[in-house]
Structures are given as structure tokens and as C-alpha cells.
Amino acid sequence: MNDKINEIAIKLRNSWDSMDIKVLNEVQALVGELAKAGLDKGRDYSSSGIKLYSDNLGFMFYAYSEINGTYRIPHNHGNGWVIYAVVEGAVEMGTYINWEKTNGQSQLILRDKKILESGDARIYYPGEIHDTRCLSKDALILRLTSCDLKVEDIEGRMKRFNLLKDA
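Everything numeric here is computed off the predicted structure, so don't read it as measured data.

Caption draft 1: The arrangement of the nonpolar core in detail. Judged by nonpolar contacts, the single largest core of 27 residues is most densely connected at Ile8, Val27, Val31, Phe61, Leu142 and Leu144. Of all the elements in the fold, those that place two or more residues in this core are α1 (2–15), α2 (21–37), β1 (50–54), β2 (60–67), β4 (82–88) and β9 (138–145). In terms of residue count, α2 provides more of this core than any other element does, seven residues in total. Beyond its immediate sequence surroundings of up to four residues, leucine 144 is in contact with Ile8, Leu12, Val27, Val31, Phe59, Met60, Phe61, Trp81, Val82 and Ile83.

Structure (C-alpha cells):
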């Protein structure tokens, strides 16, 4: 596991200043490979997560667990991108478009939904709105972010939405 995390970290460090879609797709594939390989069974991966790696450039790698039915409302990650990968279980992820109406209100429109299972990975780019729902009894998920999401939330760049209009 540590070798694969180190490989991901090196790829990110070497490409940080010239990041592009090709690099992010390569990193997404590496995170998916790590998910397929599994994680240490003896650890307690809580819903708040265990930090597997962080770097002075800002990217952070977590593993966390979800229980059946856990739903995380539509949200974005502000200026950060995020790659999710499912290690165990099944998680449904939806992507939304925020329709800004001429009357000053906004409405989320579902763009697509995908079910991710063991080894599947998906990337969300800065500002992209998505939700997650755990479909299996339990799920173990990897999350690689380009920045500290707590900072994005505190500084107001990370946004949460309800399904009918901007909350």
C-alpha cells in the first residue's frame, strides 16, 4: 500500500506546477489500483477518516468508512479537485449542474449517477457539484484532494446545495 501511495505522491509532486487533465487521469487510475489492492484490515476507518498521506504542496489522502444509507448532500469542494475510489462496498455518486435562473434563484439538475464498486475511481474538478450515497452495508472509500477541504469550507469556497434550490 505505501509503495502505491508514494507513487501517487511522486506523480503529483512532479506535475504540481504543470497539472493537466492527463496527469489527473493517470493519478485517478493509480488511486483505483490502490483501491483494488485493498487497505490494512486491522485499522478502524471511521466516517471522519484516517489520513494516509499529506504533502506540503497541499494534497491530502484519506481513507474513511460509510454505512448503508449515508447520504452526503450535493456539494462542491471549492477550489479543490477530489478523486474518490471505492475499496469495499458500493457508493452511488451523482453529478449536478447548478441552473442559475433569471429570477435570481438556482436549481440543481441531475447530470448523471454512477455506482462505484471496488476498484472504481471518479474525479470531480474544482466547483463540480456532486453527492454520495452508500448503497452497501458498509463501504470503505479513498479520497485524494488537492487541498485541505476543511480550509475550503471555513473560507466559504466549499458549497453545499439542496436539490430544489441553492441552500
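Next, the rest of the story.
Caption draft 2: Layout of the environment of leucine 57. Summarising the element assignment, leucine 57 is placed in the loop between β1 and β2. What makes leucine 57 partly exposed here is its relative accessible area of 34%. Dropping the residues within four chain positions of it, leucine 57 is found in contact with Arg13 and Trp16.

Caption draft 3: Region of interest: the sheet that holds strand β8 (residues 129–134). Taken together, the four strands give an open sheet; going across it, the order is β3-β8-β5-β6, and neighbouring strands pair in antiparallel fashion. Strands with a single pairing partner mark the edges of an open sheet, and in this sheet they are β3 (71–75) and β6 (106–117). Direction aside, neighbouring strands of the sheet carry axes that sit 20 degrees apart on average.

Caption draft 4: Main features of the layout of surface pockets. Its boundaries defined by the atoms lining it, the largest pocket holds a volume of some 480 Å³. What lines the largest pocket is a set of 20 residues, and nearest its centre among them are Arg72, Arg143, Leu149, Met158 and Arg160. Looking at the lining of the largest pocket, the elements that each hand over two or more residues are β2, β3, β9 and α3 (149–154). Split by residue class, the lining of the largest pocket holds eight nonpolar, six polar and six charged. In this structure, the second largest pocket encloses a volume near 160 Å³. Surrounding the second largest pocket, Leu39, Asp40, Lys41, Arg43, Tyr45, Ser65, Glu66, Glu88, Gly89, Asp138, Ala139 and Leu140 form its lining. Elements that contribute at least two residues to the lining of the second largest pocket include exactly β2 and β9.

Caption draft 5: Inspection of the sheet that holds β9 at higher detail. The strand order across the open sheet built from five strands is β1-β2-β9-β4-β7, with neighbouring strands paired in antiparallel fashion. Strand pairing shows two members of the sheet lacking a second neighbour, β1 and β7 (121–124), which therefore form its edges. Adjacent strand axes in the sheet meet at a mean angle of 20 degrees, parallel and antiparallel pairs treated alike. Note that β1 and β2 share four bridges and pair antiparallel. Across the sheet, lysine 51 pairs through a bridge with tyrosine 62, a residue of β2.

Conventions adopted
- Residues numbered from 1 in each chain as written.
- Predicted model: local features only at pLDDT ≥ 70, side-chain atom pairs only at ≥ 80, totals over all residues.
- Heavy atoms only, no water.
- Core = buried A, V, L, I, M, F, W, Y, C linked by side-chain atoms within 4.5 Å.
- Buried < 20%, exposed > 50% of the residue type's maximum accessible area, 1.4 Å probe, protein only.
- Helix = DSSP H or I, 4+ residues; strand = E, 2+ residues; numbered from the N terminus.
- Contact = heavy atoms within 4.5 Å.
- Pairing = 2+ DSSP bridges.
- Axes fitted to C-alpha atoms, helices over the stretch in contact; angles between N-to-C directions.
- 1 Å grid on protein atoms, 1.4 Å probe; cavity = no way out; pocket = protein on both sides within 12 Å on 5 of 7 lines; lining within 4 Å.
- Points joined across faces, edges and corners; volume = space filled by probe spheres on them.
- Nonpolar A, V, L, I, M, F, W, Y, C, P; charged D, E, K, R; others polar.

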